[in-house]
Structures are given as C-alpha cells and as structure tokens.
Amino acid sequence: MLTGRSPSTPSDDRARPDVAVVGAGPIGLSIAWRCAARGLRVVVHDPASGSGASAVAAGMLSPVAEAYFGERQLTELLLASAARWPAFAAELTEASGVQLGYRTEGTLVVGLTGDDLAEARRLWAYQQGLGLPVTPLRPTELRDREPALAPRVRGGALASTDHQVDPRLLVPALRTAAQRAGALLVPQAVRHLSEVDAAVTVVAAGCGAADLTGLPVRPVKGQILRLRAPGGVAPGFRHVIRGYADGETVYLVPRTDGEVVLGATVEERSDTTVTAGAVLRLLRASVDLLPELAEYDLVETVAGLRPGTPDNAPILGPLPGRPDVLAATGHHRHGIVLTPVTADLIADLVTTGVADPLLTPFQPDRFAGAEPGPGGRPDQMMEEDRWNSR
Ligand code: GLY
C-alpha cells in the first residue's frame, strides 16, 4: 500500500501512477477524487464514464427503508454511508460547482391494500427492532404529508432520514471534482489487469469486474421509467414514495425539475430489453398509488444492469494473493448510497494499508472457490424474474 502520503507529499516517480482506477462510474470516480485529493497520482480508465448502472439509477439514499431481513452487516454499511452523504454532497458541490439534486424531505413507505400494509408492517417491525427511525403514520398524517396519494392507500410510515440525489448530476460532478484534484481520465477500456501499470489498481468496473478479476459479480437487470410533470412544474409530491400495491412493489422519486423516476424490476437476466409487461406493471402500481401520474409525460423507458454478488453485498478489498489490486464492486442495488463510504474507506486502504473494520464482512476472499463471473449461471437457470420485493 502507499503509506505515508499526504496532499503535501505527492509521489516523486513521475512515470508511474500511484493508483489506476478501472471504471469511471460513481464508485471509481469518487475513489479517484479522494485519492487525488490526498496527493496521489491517479489515472481512471473507462471508455464510457457513467454508462453503467448509475445511468439508470434512481438515486435513493435509503438505508432505513431498504434494511432487509438477513442483511444486518449490509445495513450497517448503508447507514454509515448515508450518514456521510450530507457532508459528501456539500464537499462535492464545492469542489465541482455542480448541484446534485440532493433532497432531504424523506421517504414514505405506503401500502395500497390491507394485505400490502400487512407486508410493509412486518418489515417496519424488523427495522424498528434494529432501532431504525421508521415512524408509522395515521392515514390523516399520511395525507397531510402527501395529499396526492390515492384515497384508497391504506396506510404508511415515514423514514425521515432516507434522502435522495440525482445520479445523472452526481457522475459529472465527480468527474469534474476528480479532474480538478488532478486525476487523469483515459477514455479507453481495460480488458486485462496486465494492461494497467500502477502501484495500486482499483477495480471499480461494476459488472465488468467479473472478467477482470474472476470475482462472482453477475448482472441483475432493472427496468425503470422516467415521467415528467406537464407544464414544467414540480411533481405534485415531495417525498420519495416506496409503495406496496396489490402485491407489487415500486418506488417513485420526485425531482424538483418535474422529473419522476419509477422503478424498478429486479430480474436475473443480462439483457437490457424494455418489456411491455414491466412498463405496464410499473405504471399500474404507480398510478394506483398516485393517480395524477396518469397525466404525466412518459419520457424514458430504460433497462440497466446492477452488479450483483452471491450475497447481494459489495466486494471491497484486496484480491486474494494480490494486495496491489483492490476490488470496489458488487454494489448491486446500493451503488449510489454506498458511494461516500466506499470512496473514503478504499482511499484509506490505498494510503495507509489499513482496512477499516467496516470493510471486514465485504472482503473478496469470502467467495474463495465460488463460480466466477456472469457466465457462471445461464439466464434460464436463474430464479424466476421477480419484482423488486423491498
Ligand atoms: N436501488 C434501487 C434499485 O436498484 O432498484
């Protein structure tokens, strides 16, 4: 590792980068920014920065509403990262001059029918058991907060600390901040790690990490829609809404510029086709919860691929037997919220060689002997496509 460096003691070796980052999405760029700001010479390789999972991500910063049974360690990492987001957003806006669409109105989780509400309540009970701030609301309190909700929505809860950011603003901001800090962006693909010459290589290539490292990262398809409120006005609701609607789940993310992001499917597939059935189900669930959405313009239908792992948690740390190659991938459904903690802890690891204890559960060697990469299981052998059940 690159010990003892600081912004005032940059590398003396002008020929060789200290750090090569493969992948210029939010994870790779934020690591590059943090490392460059510490005085390291950083090169980032990506032929199409921001064209991976972040291009379709909604940008929910939602460790509370997404705290799920059996994922306690992941929840701890999500909470640690969400706690860093306010300072991270302020610092990034200062460094880049870009507003990120960071909004703090909070998240409402709502159930359309009695059955939907029962399902939601079971998860709230689990989340409250962890001490997380989920506050059930009476129907009148819910409608006071969001009058646009359909009258038949049965109930809901507030996760006031679950915020949002716009990933399509985040990526250019990180590019600017990384470049201003001195990182060099090279718009070329890396097909093999031997093509990279640096003291430390960070593989932040999302799904592409599988071919580069042999780590078991698989693509998990998500279909997502973007609507726009007519007349150039802001949407008629302010909170992020996570809804259970007749057995489907959906999230609705309002932006101040009038955009609403509706998501998302979670499908064990590696294609990026948009299907009529998925669009139909996303729109039906969304309009059932917020009827005014039927009047909005449908401006984008798109599918992307999340980098999933066998335990749905990220892979953060040195490859087995390669202390000079760090993985920062497999963020699956949580890449945006996990950006600050990943950047800080990987930059710490690069500069000090010491791994923060938060990283311990997410080491690459937990998959020693696992099937490699996205080709490990053909689509038809994977579990049935299912809806986002969170
Ligand atoms: N983070 C939401 C999703 O992956 O759909």
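Source: prediction; values computed, not measured. (Residues numbered from 1 in each chain as written. Predicted model: local features only at pLDDT ≥ 70, side-chain atom pairs only at ≥ 80, totals over all residues. Heavy atoms only, no water.)

Right, let's talk about the pattern of salt bridges for a bit. Applying the stated criterion across every chain, the model contains 24 salt bridges. As a salt-bridge pair, Glu66 and Arg242 come within 2.9 Å of each other at their nearest N and O atoms. Of the two residues, Glu66 is situated in the loop between strand 3 (60–61) and helix 2 (72–96) and Arg242 in strand 11 (residues 240–245); the sequence distance between them amounts to 176 residues. Accessibility classification places Glu66 together with Arg242 in one group, the buried group. Through salt bridges with shared partners, a single ionic network connects Asp166, Arg168, Arg226, Arg228, Arg255, Asp257, Glu259 and Glu300. (Salt bridge = Lys/Arg side-chain N within 4 Å of Asp/Glu carboxyl O. Helix = DSSP H or I, 4+ residues; strand = E, 2+ residues; numbered from the N terminus. Buried < 20%, exposed > 50% of the residue type's maximum accessible area, 1.4 Å probe, protein only.)

Taking 1.5 Å of rise per residue, the 14 residues of helix 5 (residues 167–180) would be expected to cover 20 Å, and the 20 Å separating its terminal C-alpha atoms lies within 8% of that figure. Taken together, the buried positions of helix 5 are occupied by Pro167, Leu170, Val171, Ala173, Leu174, Ala177 and Ala178. In an axial view of helix 5, the angular spread of the buried residues amounts to 170 degrees, which keeps them on one side of the axis. Where helix 5 begins, the side chain of Asp166 points an oxygen toward the backbone nitrogen of Arg168, at a separation of 2.9 Å. Once helix 5 finishes, Gly182 follows within two positions and takes phi at roughly 115 degrees, a positive value. (Expected span 1.5 Å × (residues − 1). Arc of directions from axis to C-beta. Polar contact = N/O pair within 3.5 Å; in protein donor to acceptor, adjacent residues only side chain to side chain.)

In this section: the nonpolar core. One finds Val19, Val42, Trp85, Leu92, Val202 and Val350 to be the most contacted residues of the largest nonpolar core, which totals 53 residues. The set of elements that each furnish at least two residues to this core consists of strand 1 (19–22), helix 1 (26–37), strand 2 (42–45), helix 2, helix 5, strand 9 (200–203), strand 17 (322–329) and helix 8 (339–352). Among the elements that make up this core, the one with the highest residue count is helix 2 (9 residues). Among the nonpolar cores identified, the runner-up in size contains 27 residues, and Leu108, Val110, Ile241 and Leu290 belong to it. (Core = buried A, V, L, I, M, F, W, Y, C linked by side-chain atoms within 4.5 Å.)

In this section: unusual backbone geometry. The amide bond that connects Gly263 to the next residue, Ala264, takes the cis arrangement and shows omega of -20 degrees. Looking at the element boundaries, Ala264 is found in the loop between strand 13 (259–263) and strand 14 (265–266). Residue Asp246 is not a glycine yet carries a positive backbone phi of 50 degrees. Along the polypeptide, Asp246 turns up in the loop between strand 11 and strand 12 (248–254). Residue classification places Asp246 among the partly exposed positions, given a relative accessible area of 47%. Notably, Asn312 is not glycine yet its phi reads approximately 60 degrees, a positive angle. Looking at the element boundaries, Asn312 is found in the loop between strand 15 (297–308) and strand 16 (315–319).

Within this structure's numbering, the places UniProt gives as "domain: FAD dependent oxidoreductase" (unreviewed entry) are residues 18–349. Between the end C-alpha atoms of residues 18–349 the distance is 13 Å, and the span holds 31% helix and 27% strand. (UniProt positions renumbered as here; feature names shortened; annotations may be inferred.)

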